[in-house]
Amino acid sequence: METIRDYLNNMFSKYPSTPEILRAKNELGQMMEDKYNELIAEGKNKNEAIGTVISEFGDLDELIADLSGSGDASGAETQSQGTEGKPLAVSEPVSSIDSSAASQDVHAETQYAQNGSGQQYTDAQQSQYEQTLYPDGQQAQYGQVQYADAQQSLYGHAPYADGQAQYGQAPYADAQQSQYGQAQYGQAPYTDAQQLQYGQAQYGQPQYGQSPYADMHQSQYAQPQYAQPQYAQTQYQEPPYGDDMFEDEYSYGAFGQYGMGYDGGYQAPVQYAPCLTYEEAATIAKLGKRRAFLKAFGLLLCITCIIWPVLGDSLPWYLGGAIFRGLGALGMFASIAVGVFSFIGAGNKTKQIDAIRRGKHTPDPTTMSLIQNDWLQKSSWLQTEKALGILSCSMCILPTIITSGFHSRFMNDLGAAMLFGMVGLGVGLIVHSNSQKHTYQSLMLPMERGAYYTPDMSGKNRGAGSTMAGLAAGASVMANTAGDLIRTAKGKSATSSYIVEPFSQIDVNISRGNIELKQGDRFSLELTGPVDAPPVWGVQDGRLTIRNPENVGFYKHKKINAVITVPAGVTITDFTTRLKLGNIALKDVVIEKTNVTSDMGNVTAEGVSAGILRANSGMGNVTVKRTGATQSYLSSSMGNVKFDGVFQHLEANSSMGNIDVSTQTDISGLVPENEAILATSMGIVTVNGKKYGKSVHLPE
Amino acid sequence: MAISSDVIRGYNDTIILYVLLNSDSYGYEISKEIRRLTDDKYVIKETTLYSAFTRMERNGYIESFEAEPEAEGTEKRRTYYRITDVGRSYYREKCEEWLLTKDVMAHFILEDPVKQ
């Protein structure tokens, strides 16, 4: 209330405290207070209520002008006597609406004190049908206002004016709102028009020509839309391809255009990293496959190298043991050498992949879906391969058990060799599988708009081609391979944030996860989802849609968390969400139609203003707090339903839970529109602390 | 699409008089009633409302008196407005005027402007 009182005092500070004006101030204050109290009672918070009251206050200058024109202004009468200056030509009133007697008197006797506002060289607040020279007229209709600081000059000429010139001429004007003005068919070369509607740009010069001195901020149908510079620069600009993709940046025409439409100003091209093409993605997949083989093979050789000395030592004479005996150590080193060579080969593949990948954004959507399909086909085989690898490792002890039964040294050694062989094979299979998975995951890695891929270069220097560098690369690949080995590929997820173009409808249909809609600074979206099956989303025709990826069966639907943010002052017309498992939360948003359902999870709404609020939960609670909803339909099968706020029509059902309503809405029958229908099968219904049993229909 | 205040300006008096035909009322209650009757399509600004009150009182269409609101039981007094006989006949005139205006305008309004 303090804020509103301050606002009113401030607004009235520039006017004299005549009884007339004080009465107006009192009355307005009362109306604002009434409105404020009611908004608070509806559950609005203080700031919202103040905002609404102030925004619906209206134009005080206009009211004061009306009051002054009422003939009460005694001061005006005295001051209007004995004016100086020559009368200017006075045109006849066009209509008699609101031309009060006082105004007409003034009209006849004095020319400078219009409508009784009573100042010479005037500070005319409403100068209708008159010609005024040097005034500070706030509303000059049908008149000529020269050198004026006219704020609204309808049908008038306002040369050198600093006002709003409608239907008038405003050359050299600093017109803030010039509608249908001279600019329409003429020239406004020095205009600093801030809002020029249907103006110059339509038929005048700027559209097809130049507007050298104009500084138009908001000009509809004007230059920015049809003029060349923006169009040429953002729409048809070729992406600057160069040798080094890292340095180049894309400019997207579509986004630039969108920006233009928004504030009409020049929108700098938005810069993007280029998308990964299909060919590049396919090359990476191929290189990844080879890399996986080389890694697995290298590892197999390194692990099995021990087999040579073991067998070389114990081979019986009839198998040529003596010959191999000396060669055992040699075999071991050779095996390691070939293994390391394989690792170096794998390192080279990584280098090639990084060279293609570096500086690029995610694959374009088509390529992405192809990669995803490819991955889905491949993943089952890779899973099997991994399973075989694990099986091989876990069975490695089996040969030793069997061979130990022979009680021969050779058989014992053979068993040991087979143990290493099986471990090597198993580890090789696991690494082969995981390494390929890693390749695909990096291809499908979701990235923020404009972001690009930077290879992880930590501890690696692959610049030099020396043997040492090669060995270092080999070692790093080995470390990497160990990573492949222990990487838990399942359930890997990533979070990405996006700034989204404005939308007014939201449609979320996912299987598992949490959805949150809240007020923030801008339209944005934060998505957390599995890397190998990221959620699909987009904004089209003002509708934000979030879905599980297609071609992925339900059993593969991983958890997706979505946090949707809309700026204050935005009304969402439709919010529909269907969730099988997870929570839905709405906070501090204005929605016309809400329809949210979670089969297993809680639904909460807090600080929400809604026309229709439908919230359902199968196995969770439905909780509504600080909310105003004209029509509310809340239901939960196994949970509680709680409503705290205001409504006109409220229906709440629960099979196994309680219903608890706490409201300021009058449901005593005083307001016939208000109604609450509450029912539960196994719980209890409470309204404003009063228990009603299983069901109640209020007003009773 | 918001209603243009320029267009409705000439009929604010008619709207307020209509509300007062049924019962005497005070500022906020009148504005609330207007909002309700128009399904929130028209929200009259406080200054516009007060300007109309003073103008109509001056013209003798309405008269004001101080009273306590019935429902709330607060001791806060409010300025109530009551329609006069002059106001009633002015209201009827305005209704006729509007019907004529509507007839005239009907000749120039397309049913579906989007198609053109």
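Our structure is the block above this text.
Definitions and limits used
Residues numbered from 1 in each chain as written. Chains lettered and ligands numbered in written order. Predicted model: local features only at pLDDT ≥ 70, side-chain atom pairs only at ≥ 80, totals over all residues. Heavy atoms only, no water. Helix = DSSP H or I, 4+ residues; strand = E, 2+ residues; numbered from the N terminus. Buried < 20%, exposed > 50% of the residue type's maximum accessible area, 1.4 Å probe, protein only. Contact = heavy atoms within 4.5 Å. Polar contact = N/O pair within 3.5 Å; in protein donor to acceptor, adjacent residues only side chain to side chain. Phe/Tyr/Trp six-rings, centres within 6.5 Å; stacked < 30°, edge-to-face > 60°. Lys NZ or Arg CZ within 6 Å of the ring centre and 35° of its normal. Patch = residues over 30% accessible without salt bridge, like charges linked within 9 Å, V, L, I, M, F, W, Y side chains within 5 Å. Areas by Shrake-Rupley, 256 points an atom, 1.4 Å probe, with all protein chains shown as cover. Salt bridge = Lys/Arg side-chain N within 4 Å of Asp/Glu carboxyl O. Core = buried A, V, L, I, M, F, W, Y, C linked by side-chain atoms within 4.5 Å.

Undergrad: It is not clear to me how the environment of T47 of chain B should be interpreted in this structure. Could you clarify?
TA: Structurally, T47 of chain B is set in helix α4 (residues 46-59). Judged by its relative accessible area of 3%, T47 of chain B falls in the buried class. If sequence neighbours within four positions are ignored, T47 of chain B has contacts with L28, F57, G58, D59, L60 and L63 of chain A. Engagement of the side chain of T47 of chain B in a polar contact is seen with the backbone nitrogen of D59 of chain A, the distance being 3.1 Å.

Undergrad: Sorry, what's going on with the packing of aromatic side chains here?
TA: For any pair of aromatic rings, geometry is given as the distance between the ring centres together with the angle between the planes. Under the defined criterion, the tally for this structure stands at 12 aromatic pairs over all chains. Seen from their ring centres, F643 of chain A and F647 of chain A are 5.6 Å apart, and the 80° between their planes marks the pair as edge-to-face. In terms of burial, F643 of chain A and F647 of chain A fall into one category: buried. Residues Y61 of chain B and Y90 of chain B carry aromatic rings whose centres are separated by 3.9 Å and whose planes lie at 10° to one another, so their mutual orientation is stacked. Here the residue Y61 of chain B occupies a position in the loop between α4 and β2 (62-67), and Y90 of chain B occupies one in helix α5 (residues 85-106), the gap between them amounting to 29 residues. Here the two residues Y61 of chain B and Y90 of chain B agree in accessibility, since each one is buried. Of the aromatic side chains, those joined through ring pairs into one cluster are Y26, F65 and Y80 of chain B. A cation over a ring is seen here: R614 of chain A above Y633 of chain A, with NZ or CZ 4.3 Å from the ring centre.

Undergrad: Whenever I open this one, a nonpolar patch on the surface confuses me. Can you help?
TA: Residue and element names in this part refer to chain A. A surface patch of nonpolar side chains, about 760 Å² in accessible area, is lined by L388, L391, M395, I397, L398, I401, I402 and F406. Counting residues per element, the ones that place at least two in the nonpolar patch are α16 (365-394) and α17 (397-404). Sorting elements by how many residues they give to the nonpolar patch places α17 first, with 4 residues. Relative to the helices and strands, I402 is located in helix α17. Residue I402 is classed as exposed on the basis of its relative accessible area of 53%.

Undergrad: Honestly, the environment of Y15 of chain A in this entry has me stumped. Any pointers?
TA: Residues and elements named next belong to chain A. With respect to the helices and strands, the residue Y15 is situated in the loop between α1 (2-12) and α2 (19-41). Relative accessible area serves as the criterion here: at 11%, Y15 is assigned to the buried category. C-alpha separation for the pair Y15 and I64, spaced 49 residues apart in sequence, amounts to 8.4 Å. Residue contacts for Y15: discarding those within four places in its chain leaves I21, L60, D61 and I64.

Undergrad: Which parts of the structure should I look at to understand the nonpolar core?
TA: Residues and elements named next belong to chain A. Counting residues in each nonpolar core, the largest one holds 49 residues, and the members touching the most others are F503, I506, I564, F575, L634 and L678. Ranked by residue count, the leading element in this core is strand β25 (residues 641-654), at 5 residues. Residues M1, I4, I50 and I64 belong to the second largest nonpolar core, which totals 41 residues.

Undergrad: Please clarify how the pattern of salt bridges should be interpreted in this entry.
TA: A side chain with one charge may pair with a side chain of the opposite charge, provided their charged atoms come close. Under the defined criterion, the tally for this structure stands at 21 salt bridges over all chains. Linking E38 of chain A and K32 of chain B is a salt bridge whose minimum nitrogen-to-oxygen distance equals 3.1 Å. Taken together, the residues E38 of chain A in helix α2 and K32 of chain B in helix α3 (residues 27-37) connect one chain to another. Using a relative accessible area of 35% as the deciding quantity, one classes K32 of chain B as partly exposed.

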